[in-house]
Amino acid sequence: MTEVAFHFNAPEPVAYACRLLRKAVASGAKLVVIGSPQVLEQLDRALWTFSPTDFVPHCFLDSESYVVAASPVILSTTTTAMPHQQVLINLGQFVPDGFERFERVIEVVGLEDEDRQSARSRWKKYADQGYAITRHDLALKAAN
C-alpha cells in the first residue's frame with residue numbers, strides 16, 4: 001500500500017520541494033512532482049537557481065522521451081504515463097488521480113489558509129480510503 005506523508009508548515013513550498021528533491025535524488029530516488037502549471041514553472045526555475053553548487057536533474061513530462069527516461073525528477077500536471085512510480089510529491093490542491101500506483105506520496109503544505117484547508121480535505125480522502133498517514137510538522141523541526 002502507498003505510504004502517505006504530509007509535510008506541514010512549509011514557509012515556502014517550492015523552496016522546500018527543491019531541498020526535498022535534492023536529498024531524494026542524492027539517495028537514488030526517482031520522483032514525480034505534480035502541481036498547477038504555474039507552480040511547476042516556479043519549481044523548474046527554482047531548481048536551476050536554488051543552490052550554486054547543486055543541480056537536480058529534472059524535466060517536464062512533455063520533454064523528449066529520452067530526456068524523460070533519463071530524468072530522476074519529472075514535473076507534470078498529471079500522473080498518467082510516468083516512466084517511474086517511486087515517489088510522488090504533490091504541490092497541488094487535490095488528491096492526484098493514480099496516486100496509488102506510487103510507493104510513496106508526499107504532500108507539501110504551506111502556511112496559507114487555503115493550502116491548509118485543501119490539505120485537510122486531502123488528508124480526509126486518504127484516511128477514508130484506509131491509508132496510514134505520517135505527519136511531519138516543519139515548524140516543530142525548525143524550533144528544535
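Residues numbered from 1 in each chain as written. Predicted model: local features only at pLDDT ≥ 70, side-chain atom pairs only at ≥ 80, totals over all residues. Heavy atoms only, no water.

K.L.:
Looking at this structure, I do not really get the pattern of salt bridges. What am I missing?
P.N.:
In a structure, side chains of opposite charge can pair up when their charged atoms sit close to one another. Applying the stated criterion to the full structure yields five salt bridges. Taking the shortest distance from any N to any O, the salt bridge between Asp54 and Arg22 comes out at 2.8 Å. Of this pair, Asp54 sits in the loop between helix 2 (37–49) and strand 3 (58–60) while Arg22 is found in helix 1 (residues 13–26), placing the two residues 32 residues apart along the sequence. Look at Arg22 and you get partly exposed, because its relative accessible area is 30%. (Salt bridge = Lys/Arg side-chain N within 4 Å of Asp/Glu carboxyl O. Helix = DSSP H or I, 4+ residues; strand = E, 2+ residues; numbered from the N terminus. Buried < 20%, exposed > 50% of the residue type's maximum accessible area, 1.4 Å probe, protein only.)

K.L.:
Sorry, what's going on with the sheet that holds strand 6 (residues 104–110) here?
P.N.:
In sheet architecture, strand pairing relies on hydrogen bonds along the backbone and comes in two forms, parallel and antiparallel. On the basis of which strands lie adjacent, the open sheet formed by seven strands has the order 3-4-2-5-6-1-7 and parallel pairing. One side of each edge strand has no neighbouring strand; the edge strands of this open sheet are strand 3 and strand 7 (133–137). Adjacent strand axes in the sheet meet at a mean angle of 20°, parallel and antiparallel pairs treated alike. Most of the contacts of helix 1 go to strand 6, to which it runs at about 150°, and overall it touches strand 1 (3–10), strand 2 (31–34), strand 4 (73–76), strand 5 (87–90) and strand 6. The strands touched by helix 2 are strand 2, strand 3 and strand 4; relative to strand 3, the strand with the most contacts, the crossing angle is about 155°. (Pairing = 2+ DSSP bridges. Axes fitted to C-alpha atoms, helices over the stretch in contact; angles between N-to-C directions. Contact = heavy atoms within 4.5 Å.)

K.L.:
Can you help me understand the pairing of strand 5 in this one?
P.N.:
Looking along a regular strand, one sees the side chains alternate between the two faces of the sheet. The alternating pattern of strand 5 places Val87 and Ile89 on one face and Leu88 and Asn90 on the opposite face, and all of these are buried. With four bridges connecting them, strand 2 and strand 5 associate as parallel partners. Along strand 5, the bridge assignment pairs Ile34 with Asn90. Sheet topology places strand 5 next to strand 6; four bridges connect them, and they run parallel. Each bridged residue has a counterpart across the sheet, and for Val87 the counterpart in strand 6 is Arg104.

K.L.:
What am I meant to see in the nonpolar core here?
P.N.:
Within soluble globular proteins, side chains that are nonpolar tend to cluster in buried spots. Judged by nonpolar contacts, the single largest core of 26 residues is most densely connected at Leu21, Leu31, Val33, Leu43, Val73, Ile89 and Val108. Elements that contribute at least two residues to this core include exactly helix 1, strand 2, helix 2, strand 4, strand 5 and strand 6. Sorting elements by how many residues they give to this core places helix 1 first, with eight residues. In this structure, Val32, Cys59, Tyr126 and Tyr131 belong to the second largest nonpolar core, which totals 18 residues. (Core = buried A, V, L, I, M, F, W, Y, C linked by side-chain atoms within 4.5 Å.)

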